[in-house]
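# A structural walkthrough
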Amino acid sequence: MNYLKPKILLLIGFVAVFYSCKKQEAITLSSPDATKKIVFLEDEANSSLTFSIFYNNQQVIQTSVLELVSEELDFSGEITVETIENTSENTTWTSRFEERSTIPDHYNQTKIYLKQGESKFNIIARAYNEGVAFAYEIPEQGNLGEIGLNENIHYNFDKDYELWSTPKREKGVLTAQGEYKKIPISALQVGAERPLVIEISDSVKIALAEARLVDYARMSFNKGTTSPYSIVSTLDGKMGEQKQDTITGAVISERKKDGAKVHKSLPFQSPWRVVMMGNSHGQLLEQNYLIQNLNPPSAIADDSWITPGKVLRETTLTTQGGMAAIDFVASHNMQYVHFDAGWYGNEMDNASDATTITLDPKRSKGPFDIEAITKYATEKWVKVMLYVNRRALENKLDAVLPVLKDWGVSGIKYGFVRVGDQDATAWMHKAVKKAAEYEMVLDIHDEYRPTGFSRTYPNLLTQEGIRGDEETVPNAHTLITMFTRSLAGAADNTVCYYNSRVDKMGSHASQMAKTVCIFSPLQFLYWYDKAPSAPIKDDGLWGDTRTIGNEPELEFFNAVPTTWDETKVLYAEIGELGVIARRSGSDWFVGGINGVSQHDVTIDFSFLEEGSSYQAKVYTDDDTVNTRTQVKIETLDITSTSKLNIAIKPNQGFAMHIIKL
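Quantities reported herein were computed from a predicted structural model and do not represent experimental measurements. Sequence order sets the numbering: in each chain, residues are counted from 1 along the sequence as written. Under the rules for a predicted model, residues below a pLDDT of 70 receive no local features and side-chain atom pairs below 80 are neither given nor counted, while totals for whole chains, interfaces and linings still include all residues. With hydrogens and water stripped out, all remaining heavy atoms of the structure feed into the side-chain values.

This next bit is on the overall build of the chain. A run of DSSP states H or I qualifies as a helix once it reaches four residues; a run of E qualifies as a strand once it reaches two. Both are numbered from the N-terminal end. If you tally the helices and strands in the chain, you get eleven helices and 37 strands. With the radius of gyration taken over C-alpha atoms, the globule rule is written as 2.2 Å times the number of residues to the power 0.38. What you see for the chain is a C-alpha radius of gyration of 25 Å, in line with the 26 Å of a compact globule of 661 residues. The principal-axis extents of the C-alpha atoms in the chain amount to approximately 80 × 60 × 45 Å. Scored against the burial criterion, the 661 residues of the chain give a buried share of 61%. Sequence-distant contacts in the chain: of pairs separated by 6 or more residues, those separated by 24 or more amount to 70%. Accessible surface for the chain amounts to roughly 24300 Å². Of this, 46% is attributable to carbon and sulfur atoms. Distance between charge centres in the chain, computed from 67 positive and 87 negative side chains, equals 2 Å. Here the term buried applies to any residue with accessible area under 20% of the maximum for its type, exposed to any over 50%, and partly exposed to those in between, with areas from a 1.4 Å probe on protein chains only. Throughout, a residue-residue contact means that at least one pair of heavy atoms, one from each residue, lies within 4.5 Å. In these tables, accessible area is a Shrake-Rupley quantity obtained with a 1.4 Å probe, and a residue counts as shielded only by the protein chains included in the view. In this tally, Lys and Arg are treated as positive and Asp and Glu as negative; His is ignored, and so are the chain termini. Positions of charges follow a simple convention, taking NZ of Lys, CZ of Arg, CG of Asp or CD of Glu.

This is the structure we're talking about:
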C-alpha cells in the first residue's frame with residue numbers, strides 16, 4: 001500500500017486478536033447475532049494496525065488502515081498487544097424525542113491495549129447487530145500533558161462500488177446542504193459528507209459515519225490512493241477568521257491543510273468511526289439509532305421542560321404578527337412560534353446585540369414587544385423561539401441566554417454556525433450544554449450535521465445540514481436525502497405548503513408526506529407562509545409569502561406528531577420512491593413520496609395490531625378537487641390483513657392517518 005511517510009506515524013488497523021510472543025494473530029470481534037464482524041491486526045509485519053469488515057461472511061471492506069500522525073509521540077516499530085478486555089452489553093433505553101421510544105443497545109466490545117515502540121495506545125471496538133464502530137484512545141504516558149494529532153483512515157474496497165456523495169468541498173460551496181449524486185468510488189472528491197452510503201450489492205448497503213463528535217475536528221471523505229478503489233477519511237484543519245457568504249452561509253475562507261488537526265490533553269478517546277450495515281436502504285434508516293447508541297445517556301436529569309413539536313415561523317417581526325401567529329398555532333395543535341433574523345439588528349454585523357430588541361429596518365418597521373408576545377404565548381400554551389446568528393453568540397452566550405430566559409423565550413435557532421475544525425466543534429457543543437442550563441431547546445442551522453449528541457443533551461432537538469425546501473428541492477432529491485442524510489439523525493427540512501415552489505418540488509400531498517418521511521422533533525410547517533391575520537409582508541426578503549388557508553387536509557398537519565414510538569420503512573428505492581410508516585401511541589401515520597416515474601404501490605397493513613379495527617384517512621393529489629391545494633381525502637376501514645393499492649403519479653405523493661377504533 002502507498003502510505004504517507006510523515007515524521008512520526010501511527011498506523012492503526014483492526015482485526016480480532018489472539019496474541020502470541022512470536023507472531024501477532026488477528027483479533028476478531030463479532031456482533032451478538034454473528035452477522036457483522038471486524039477483524040484487527042491481520043498484517044503479519046505487525047508494523048501497522050489494519051482492519052477489515054464482514055457482513056454475513058462477505059468482506060465488505062478489505063484490509064484497511066488507520067493512520068495517526070503526532071509530533072509528540074513516536075509510534076514506530078513492531079506493534080505488540082499487551083492485553084485485551086472483552087465485554088458485552090444488552091440493554092434498552094427510552095426517549096420521548098426519537099424515531100422510536102424504545103431503543104435496543106446490544107453489542108460486544110473489545111478493548112485492545114497496544115504498544116508501538118515506547119508509545120501506548122488503545123483500540124476500542126464494538127460490534128452491534130446494526131454495524132460496527134471503533135475508536136482509538138491515547139492514555140497518559142511519560143510527562144506528556146497534551147499532544148497534537150492528525151488522522152487518516154484508508155478504507156479499501158475490491159470493486160468500484162457506487163456511492164451517494166455530496167459536492168466537492170471548496171470555497172463558497174455548501175456540502176452538508178448540497179446536492180447528492182450517485183458516483184463510483186473512483187470519482188469521489190474531497191469533502192464528501194457523513195454518512196457516506198455505499199451500495200455493495202442489491203442486498204448489502206453500508207454507510208461510513210461518525211458518532212460522538214464533541215471536541216474534535218470533523219471527519220469527511222475523499223478518493224484514496226492505497227488501492228485501486230480506496231476511500232480516505234480526513235479531519236478538517238483549523239480556520240482563522242471565518243468568512244461566509246452572507247446569503248447562503250457557505251464558507252469562503254481557507255482552512256489549514258497541514259499539521260495537527262486536533263490538540264488534546266491526555267488521556268482522550270477519539271470520536272467513533274462507524275460502519276452501518278443493512279440489507280437495504282430502508283434497513284439502514286430503521287437502524288440509524290446506532291449513531292445515538294455510541295453516545296452517553298442523557299445528562300439532563302429532568303427533561304420534562306423539553307417540548308418537541310410543530311413550529312410556525314413569523315417573519316413580520318411585529319407584535320401584531322406575533323399575536324396572530326400565536327393564535328394560529330394554538331388553534332392548530334402546534335407548539336411554537338419562531339421569530340427569524342432581524343429582531344436584534346443586522347445578523348451579519350458583529351456589533352448587533354442579541355440582548356436588545358433593535359429591529360433591522362430592512363426586516364421590520366415594528367413595533368416588536370417580545371415580552372408582551374411571550375406573555376400572550378404562555379396564556380395560550382404556546383412557546384416562543386428566536387433566531388440568533390452565531391456572531392451574536394460566540395463569546396457572548398453567557399450574556400444572551402439569561403436575557404432570553406427573562407423574556408420568556410423557550411428555544412433558539414443557532415444560525416450560520418461554524419463547523420469543521422476542533423474549535424468550532426467544541427464551541428458548538430458547549431453552547432448546547434449551556435442552553436440546557438437555561439432550559440432552552442435548540443435547532444442548529446446551516447452546515448452542522450448530527451453525530452448523536454442529542455441523546456446526551458436532548459434539548460438539541462434538531463438541526464439542518466440538509467438540502468431542504470429552502471433550496472426548492474425536487475422530490476427525487478428528497479428521496480435521496482431520506483436514505484443518506486437522515487441516517488445521521490433529525491433534519492430540519494422547513495416544510496413549505498402554499499409557497500409557489502411546491503409545484504416545482506413535487507405536490508401538496510408529497511409535502512404532507514415529508515412530515516412523516518423526514519424526522520425532526522421540531523418540525524417547521526408552512527415555511528414562507530403567514531397566519532391569516534398577520535400583517536402583509538411584501539418586501540421580498542422571505543420569498544413568495546402566501547396566507548395559510550383552511551383547506552380540509554390541514555387536519556393532517558394538526559394531527560401529525562413530531563416524535564415517534566415505532567418506525568417502519570415500507571418502500572426504499574433511493575431517488576425513486578419512499579414510503580415510511582410511523583406510530584405514535586395507537587395511531588399510525590404513513591408518508592409516501594414519489595420521484596419522476598409513476599409507481600403503483602401496495603400498502604400492506606400487517607404492521608397494525610392483529611385483531612384490531614382501524615380507520616384510515618388517505619390524502620392524495622387530485623386535480624379535480626376544487627381547492628388551492630387539490631388534495632383528495634378518502635376514509636377507509638382497515639385491519640392488519642388489509643392491503644391498499646395506490647397509483648402515485650410522477651412527483652406526487654400521499655399521506656395517511658390511521659386511527660385505532
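Two cysteine sulfurs form a disulfide in these notes if their separation is within 2.5 Å. A full pass over the atoms with the stated rule returns zero disulfides. Unpaired in terms of disulfides, C496 finds its nearest cysteine sulfur in C517, a separation of 16 Å. Under the relative-accessibility criterion, C496 is labelled buried at 0%. Classification of C517 by relative accessible area gives buried; the value is 1%.

Here we take up the nonpolar core. Buried Ala, Val, Leu, Ile, Met, Phe, Trp, Tyr and Cys residues that are joined via side-chain atoms within 4.5 Å together make up what is termed a nonpolar core. Counting 83 residues, the largest nonpolar core has L312, W343, L404, Y414, Y526 and F556 as the members making the most contacts within it. Top element by residues in this core is helix α6 (residues 422-437). It accounts for six residues. When neighbours within four sequence positions are excluded, Y526 is seen to be in contact with L312, F328, M334, V495, Y497, Y498, I548, L554 and F557. Grouped together as the second largest cluster of nonpolar side chains are 56 residues, L41, L49, F121 and I198 included.

Before going further, it helps to examine the packing of aromatic side chains. Ring geometry is summarised as follows: Phe, Tyr and Trp rings, the Trp one being its six-membered ring, pair when their centres sit within 6.5 Å, and such pairs are stacked at plane angles under 30 degrees, edge-to-face over 60 and tilted between the two. Across all of its chains, the model carries 24 aromatic pairs by this definition. Between Y498 and Y526, the ring centres sit 6.4 Å apart and the planes meet at 15°, which makes this aromatic pair stacked. In this pair, Y498 sits in the loop between α8 (475-481) and α9 (502-505) while Y526 sits in the loop between β27 (522-525) and β28 (529-530), placing the two residues 28 residues apart along the sequence. For Y498, a relative accessible area of 4% translates into the label buried. Arranged with centres 6.0 Å apart and planes meeting at 55°, the rings of F605 and F607 form a pair that is tilted. Exposure remark for F605: the relative accessible area of 1% places this residue in the buried category.

This part takes up the sheet that holds strand β37 (residues 653-660). Following DSSP output, two strands are said to pair if at least two bridges run between them. Pairing in this open sheet of six strands is antiparallel, and the strands run β30-β31-β32-β37-β34-β35 from one edge to the other. The strands lining the two open edges of the sheet, one partner per strand, are β30 (566-573) and β35 (631-638). Each adjacent strand pair in this sheet contributes to an overall mean axis angle of 15°, direction not counted. Here helix α10 (residues 508-517) sits on the sheet in contact with β31 (577-584), β32 (587-594), β34 (614-621), β35 and β37, set at roughly 125° to β32. Lines fitted to C-alpha atoms define the axes here, with helix axes fitted over just the stretch in contact, and angles between the N-to-C directions of these axes take values from 0 to 180 degrees.

Before going further, it helps to examine the side chain of R485. Locating R485 in the fold gives a position in the loop between α8 and α9. Buried within the structure, R485 lacks any salt-bridge partner; E193 is the closest side chain of opposite charge, at an N-O distance of 8.0 Å. Pairs of N or O atoms within 3.5 Å make up the polar contacts considered here, provided that, within protein, one atom can donate a hydrogen while the other can accept it, and that residues adjacent in sequence are counted only when both atoms are side-chain atoms. In this structure the side chain of R485 is engaged in a polar contact, spanning 2.8 Å, whose partner is the backbone oxygen of E464. Within the structure, R485 has its side chain in polar contact with the backbone oxygen of A490 (distance 2.7 Å). Sequence-distant contacts of R485, that is, excluding residues within four places in its chain, are made with Y180, R449, P450, Q463, E464, G465, I466, A490 and A491. Any Lys or Arg side-chain nitrogen found within 4 Å of a carboxyl oxygen on Asp or Glu counts as a salt bridge.

What follows is about the environment of L554. With respect to the secondary-structure elements, L554 resides in helix α11 (residues 554-559). The buried category is assigned to L554, whose relative accessible area is 3%. Between the C-alpha atoms of L554 and M512, which are 42 residues apart in sequence, the distance is 9.0 Å. Leaving out residues up to four positions away in the same chain, L554 has contacts with Y497, Y498, Y526, I548 and G549.

To continue, consider the side chain of E98. Its place among the elements puts E98 in the loop between β7 (79-94) and β8 (102-116). Excluding its chain neighbours within four sequence positions, the residues that come into contact with E98 are W93, I103, Q292, S454, F519, T563 and W564.

What follows concerns the sheet that holds strand β21 (residues 309-314). In sheet architecture, strand pairing relies on hydrogen bonds along the backbone and comes in two forms, parallel and antiparallel. Here we have seven strands laid out as an open sheet, ordered β26-β25-β24-β23-β22-β21-β27, and parallel in their pairing. Of all the strands in the sheet, the pair left with one neighbour each is β26 (460-463) and β27. Between one strand axis and the next, the sheet turns through 25° on average, direction left out of account. Across the sheet, helix α3 (residues 319-331) is in contact with β21 and β22 (336-339); its angle to β21 comes to roughly 155°.

The omega torsion across R194 and P195 is -10°, close enough to zero to call that bond cis. With respect to the element layout, P195 can be found in the loop between β13 (181-184) and β14 (196-201). A positive phi is found at N333, a non-glycine position, where the angle reads about 50°. Tracing the backbone shows N333 in the loop between α3 and β22. Given a relative accessible area of 42%, N333 falls into the partly exposed group.

With that settled, the discussion passes to α3. One less than the number of residues in a helix, times 1.5 Å, gives the span that helix is expected to have. In a regular helix each residue adds 1.5 Å, so 13 residues correspond to 18 Å; α3 covers 19 Å between its end C-alpha atoms and thus fits that length. Listing the buried residues of α3 in full gives T319, G321, G322, A324, A325, I326, F328 and V329. Here the buried face of α3 lies against β21, β22 and α4 (370-379). Phi for N333, located one or two positions after α3, is positive at around 50°.

Quick look at the pattern of salt bridges now. With the rule as written, the count across this model stands at 38 salt bridges. The salt bridge involving R583 is made with D565; its shortest N-O contact spans 3.9 Å. With R583 in strand β31 and D565 in the loop between α11 and β30, this pair connects stretches of sequence that are 18 residues apart. On the accessibility criterion, D565 (26% relative accessible area) is partly exposed.

Another aspect to go through is the pairing of β22. Side-chain alternation along β22 places Y336 and H338 on one buried face and V337 and F339 on a second face that is also buried. Two elements, β21 and β22, share four bridges in a ladder whose sense is parallel. In the strand pairing of β22, E314 is matched with F339. Handedness of the crossover joining β21 and β22 through α3: right-handed. With α4 bridging β22 and its parallel neighbour strand β23 (residues 383-389), the resulting β-α-β unit is right-handed. Consider the strands pointing away from the viewer: the crossover is right-handed when the path from the first strand over the helix to the second runs clockwise.

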